[in-house]
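Given next are the chains, with one letter for each unit.
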Amino acid sequence: MKKIFLFALFLTALACQKKETTKETDKTTTAVNDEHTFSKPDLAIVKHLDLDIKVDFDTQTISGKASWQIDNTSKGNEIIFDENTLTITKVTLGDEEKETKFELGKEVEFHGKPLHITIEPNTTKVNIYYSTSKDAVALQWLNPAQTADKKKPFVFSQGESIWSRTWIPCQDSPGIRFTYNAKVTVPKDLMAVMSAVNPQTKNDTGVYTFKQDKAIPSYLMAIAVGDIAFKSIDNRTGVYAEPSVLKSAAWEFADLGKMVVAAEKLYGPYRWGRYDVLVLPPSFPYGGMENPNLTFLTPGVIAGDRSLTSLLAHELGHSWSGNLVTNATWDDIWLNEGFTTYVEHRIGEEIFGKKEAAMQDVLTRKDLDDNIAEYGSTNPDTRLKVSLTNRNPDDGISQIPYVKGYNFLKVIENAVGRAKFDPFIKNYFDAHAFKSITTEDFVKYLNENLIKDDKALADKIKVEDWIYKPGVPSNIIPSVSEDFAAIDAIQKSWRTTGVKGLSQKIKSTTEKQHFIDYLPADITTKEIESIDAEFNFTKGGNFVIKRQWFVQAIRHQYKPAYPAIEQFMIATSRTGSLMTLYKELVKTPEGKTWAKQIFDKAKSGYHATTVQAVEGLLK
Ligand SMILES: [Zn+2]
C-alpha cells in the first residue's frame, strides 16, 4: 500500500505452479494463527469466489450473492466467515441451493462478527446472500460534486487491512488465498473495474464480468464504479480515470511500461498479465493501493512534471512483495512493505539513476529517524515483527515496516553484495510465489539460502536485532548523497548571502524536499516569506512539496499560507499526509482549535479510515 503495479508464454508454467501453490497454501494456513479473522481455515477453507452483485447508488449499497467453493478439510459441520456491518439474508449449499442455518456471533471491536454456517461433510459450495450497509468501512460513496468531473457519482473500495469483510462475507485473512470471478451490475452510464482482468470500454448493459485466476488474499479484493475511461500506455500498461483526468494521467505515467521491465530484470517475470492504474477522486485515503492488475492511485501523484512517479514504483513492486509473496498475518506486514520499499528504491535507481536514488535513500532515512523519535526507541511498535493482538491492524501500518524494513534489507545487501543478494531475492519471490508466509518463514529461508552457517556473516547482519528488537541496530548503513551535501552547504550560507537565485540551484522535487526539511529551527517569518517569494512553494508546489512546506508554515506561523493549507487539507483524504499536518497543528492550542475547524469542514469528504485516524488525534 501507499505509494503501486503480463503472459501467453508463461501460461503453462503458471498453471503448474498454481497447483503446487494450493497445496502449500493449505500447509501455511493450518500452521498460522491470524488473530484478525474469526474463520478457522483448518476446519473448512475457501478456494474460489463467484460474486454476483448489484451496485446501487440510490441506497448506497452493494447487494447480491457470494458463492464460495470450499474445501471442508475436517469433514465437519461448520464453516466460519468474517463479516462486519453486512446484512445476511439467506445462505444455501451447493448448486441445488439447499437452504442452511447460519448464525452471527458476538461482535468484537474492529473485527465485526463471525458468521457460522452449517454445512455437510461433503459440501463444496456455500452461497451467501447479503447486502452492505452505510457503515461499510471499505466503501467510499462519492456524490458527483466529490469527483473530478462533477457529473456522475463514484464508489471505490479499500480492503486492507480487515475491511473487505464490510463489503463481501469472506475468510478475511492475508493467509487465505482464493481465485474469483465476478458479475457486477451498475447504472448503465457508469463502468465497473476490479482487481482482475478488466474491461477497457463501457458497454450498454451496465453488466461487467471479471476474472482473477491467480489466488489472492481477501484484502486485495477491490472494486471501483464511476464515469471511468481507459487509455493505453503500451501493450501491457494503461490508465483508467475520469475522462477529464485521463490525458494528463497517461502523460504522467508514460514510464509505467519501463518500470515493469526494470522490475522484471531484477526480480523475474511479472505474473499478473496486464498492469494498469486507476486514478481515483481525491478522497482516496492512501497514496496508492496495490490491487492486483489495477493499482488504485491518488490524483495527488499527477504533478504535471512526472516528479512523483516513485509512488508508482512502490505499488508496482507489490506485484512481487505483497501480492505474490504475502504476509500471513498483519504482525508480518513488514514482509510486504519493507520489501516493497526496497524494490521501489531499486526500480527508482534503474529508471531515475543513482544520484536520484541516493537522494531518495537519505529522505527515507530521515523518515525512519523521525518515526523512531516519535515512537521512542524502546517502543515495541518499532520492532519489525509487531504484535497487533486486540488492536486495529491498521495501527501496524506506520512508517516502521516500510523504512526500517528497507534499511534491514540494505544491511543484508551490503553484507553479501548485490551479485549474491539480487538472485537471492528473486529466488525468494519464486520459492514463495502465491503463498502467504510469516516472518519466521523468511528468517528460515534467509538462514538456509544466504547466511547458511557463516557465523561472521550472521554477526554482521544481526537478524534478531533488526526483527525482534525495538529501535535501530547500530549496523545500519549510512545514507549519503553528494547532491544533498551541496544543498546542506547552501542551507548554511543562504541566511547571510540571501535567497535570490536559489531556485535555480535547488530544482528537483527531491532537492526541494530536502531543503524544506532542514530549514533552520529558528527561521523568521521574514525569511520564510523570502523563500516563498523565491520558490513559490505555497501556490506552485506539487503535492509532496506542499505537504512538507505546510509543516514549516504551521510550525513558524506563516499566515499567508493558511488559506492554502486549509484548502489542501480539505481537498485530500490521504491519511498519512493529513496526519502529518494535523499532528503539527495540535502542538499549539490555537493550532488545535484551527485543526478542529478544518476537520469539521473536511470530514464529509474524508474516507472513513481517515476520519477514524484524525478523530483519534483531535480527541
Ligand atoms: Zn506498500
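Quick caveat: nothing in here was measured; it's all calculated off a predicted structure.

About the thresholds
- Residues numbered from 1 in each chain as written.
- Predicted model: local features only at pLDDT ≥ 70, side-chain atom pairs only at ≥ 80, totals over all residues.
- Heavy atoms only, no water.
- Axes fitted to C-alpha atoms, helices over the stretch in contact; angles between N-to-C directions.
- Helix = DSSP H or I, 4+ residues; strand = E, 2+ residues; numbered from the N terminus.
- Parallel < 35°, antiparallel > 145°, perpendicular 65-115°, else oblique.
- Contact = heavy atoms within 4.5 Å.
- Core = buried A, V, L, I, M, F, W, Y, C linked by side-chain atoms within 4.5 Å.
- Buried < 20%, exposed > 50% of the residue type's maximum accessible area, 1.4 Å probe, protein only.
- Pairing = 2+ DSSP bridges.
- Left-handed = near helix turned anticlockwise from the far one by under 90°.
- Nonpolar A, V, L, I, M, F, W, Y, C, P; charged D, E, K, R; others polar.
- Expected span 1.5 Å × (residues − 1).
- Domains from an automatic or database assignment.
- Buried area = accessible area lost by both parts, 1.4 Å probe.
- Salt bridge = Lys/Arg side-chain N within 4 Å of Asp/Glu carboxyl O.
- Polar contact = N/O pair within 3.5 Å; in protein donor to acceptor, adjacent residues only side chain to side chain.

**Q** Mind showing me how you'd approach the packing of helix 17 (residues 543–555) against helix 19 (residues 575–585) here?
**A** Each pair of packed helices gets described by two things: the angle between the helix axes and the distance between those axes. Between helix 17 and helix 19, the least distance of the axes is 9 Å, while the angle of their chain directions is 10 degrees. With respect to helix 19, the element helix 17 is oriented roughly parallel. Residues F543, R547, F550, V551, I554 and R555 of helix 17 form the contact with helix 19, whose own contacting residues are S577, T580, L581, E584 and L585.

**Q** Teacher, can you tell me more about the nonpolar core here?
**A** Burial of nonpolar side chains together is a common tendency in soluble globular proteins. Of all hydrophobic cores here, the largest spans 190 residues; its most connected members are L51, W68, W167, M194, F442 and Y582. The element contributing the most residues to this core is helix 7 (residues 399–416), with 10 residues.

**Q** How should I be thinking about the sheet that holds strand 16 (residues 237–241) in this particular structure?
**A** Strand pairing in a sheet relies on backbone hydrogen bonds, with the paired strands running either antiparallel or parallel. Strands sit in the order 15-16-17-19-18 across an open sheet of 5 strands; the sheet is mixed. Taken across any chain shown, the strands that pair with only one partner, and hence form the sheet edges, are strand 15 (229–232) and strand 18 (288–289). Of the pairings in the sheet, the one linking strand 18 to strand 19 (residues 294–297) comprises 2 bridges and is antiparallel in character. In the strand pairing of strand 19, M289 is matched with F296. Along the sheet face, helix 4 (residues 310–317) touches strand 17 (275–279), strand 18 and strand 19 and points at about 125 degrees away from the line of strand 17.

**Q** How should I be thinking about the packing of helix 19 against helix 21 (residues 608–618) in this particular structure?
**A** Relative orientation of the contacting elements helix 19 and helix 21 amounts to 15 degrees, with a least axis distance of 10 Å. By the angle between their axes, helix 19 is roughly parallel relative to helix 21. Seen from above, helix 19 lies across helix 21 with right-handed handedness. Facing helix 19, whose interface residues are T575, L578, M579, Y582 and K583, helix 21 presents T610, A613, V614, L617 and L618. Split by residue class, the contact of helix 19 with helix 21 holds 7 nonpolar, 2 polar and 1 charged.

**Q** How should I be thinking about helix 5 (residues 334–352) in this particular structure?
**A** Helical geometry: 3.6 residues make up each α-helical turn, so side chains three or four residues apart lie on a common side. In a regular helix each residue adds 1.5 Å, so 19 residues correspond to 27 Å; helix 5 covers 25 Å between its end C-alpha atoms and thus fits that length. Of all the 19 residues making up helix 5, 16 are buried; the element is thus mostly covered by neighbouring parts of the structure. The positive-phi residue at the C-terminal boundary of helix 5 is G353, with phi of around 95 degrees.

**Q** Would you mind showing me how to read the pairing of strand 8 (residues 125–131) here?
**A** On any regular strand, side chains alternate: one points to one face of the sheet, the next to the other face. Strand 8 sits mainly inside the fold: 5 of its 7 residues count as buried. Relative to strand 8, strand 2 (residues 61–71) runs antiparallel, the two being bridged by 7 bridges. Each bridged residue has a counterpart across the sheet, and for S63 the counterpart in strand 8 is S131.

**Q** Explain helix 4 here, please?
**A** Helix 4 sits mainly inside the fold: 7 of its 8 residues count as buried. For helix 4, the set of buried residues is L311, L312, A313, H314, E315, L316 and G317. Tucked inside the fold, the buried residues of helix 4 contact helix 3 (256–267), strand 17, strand 18, strand 19, helix 5 and helix 7.

**Q** Sorry if this is basic, but what is going on with the domain arrangement of the protein here?
**A** One frequent convention defines the size of an interface as the accessible area lost when the parts assemble. Under the domain assignment, the protein is made up of domain 1 (32–222), domain 2 (228–319), domain 3 (325–468) and domain 4 (518–618). Its C-alpha centre places domain 2 at a distance of 24 Å from the equivalent point of domain 3. The interface is formed by 20 residues belonging to domain 2 together with 21 residues belonging to domain 3. Carbon and sulfur atoms supply 67% of the area buried between domain 2 and domain 3, which totals about 1800 Å² over both sides. Along the contact surface separating domain 2 from domain 3 lie 2 salt bridges. Across the salt bridge formed by R271 and D430, the nearest N and O atoms sit 2.3 Å from each other. The interface formed by domain 2 and domain 3 contains 6 residue pairs in polar contact (both at pLDDT 80 or more). Counting residues per element, the ones that place at least two in the side of domain 2 that touches domain 3 are helix 3 and helix 4. No other element matches helix 3, which puts 7 residues into the side of domain 2 that touches domain 3. Broken down by class, the residue content of the side of domain 2 that touches domain 3 amounts to 9 nonpolar, 6 polar and 5 charged.

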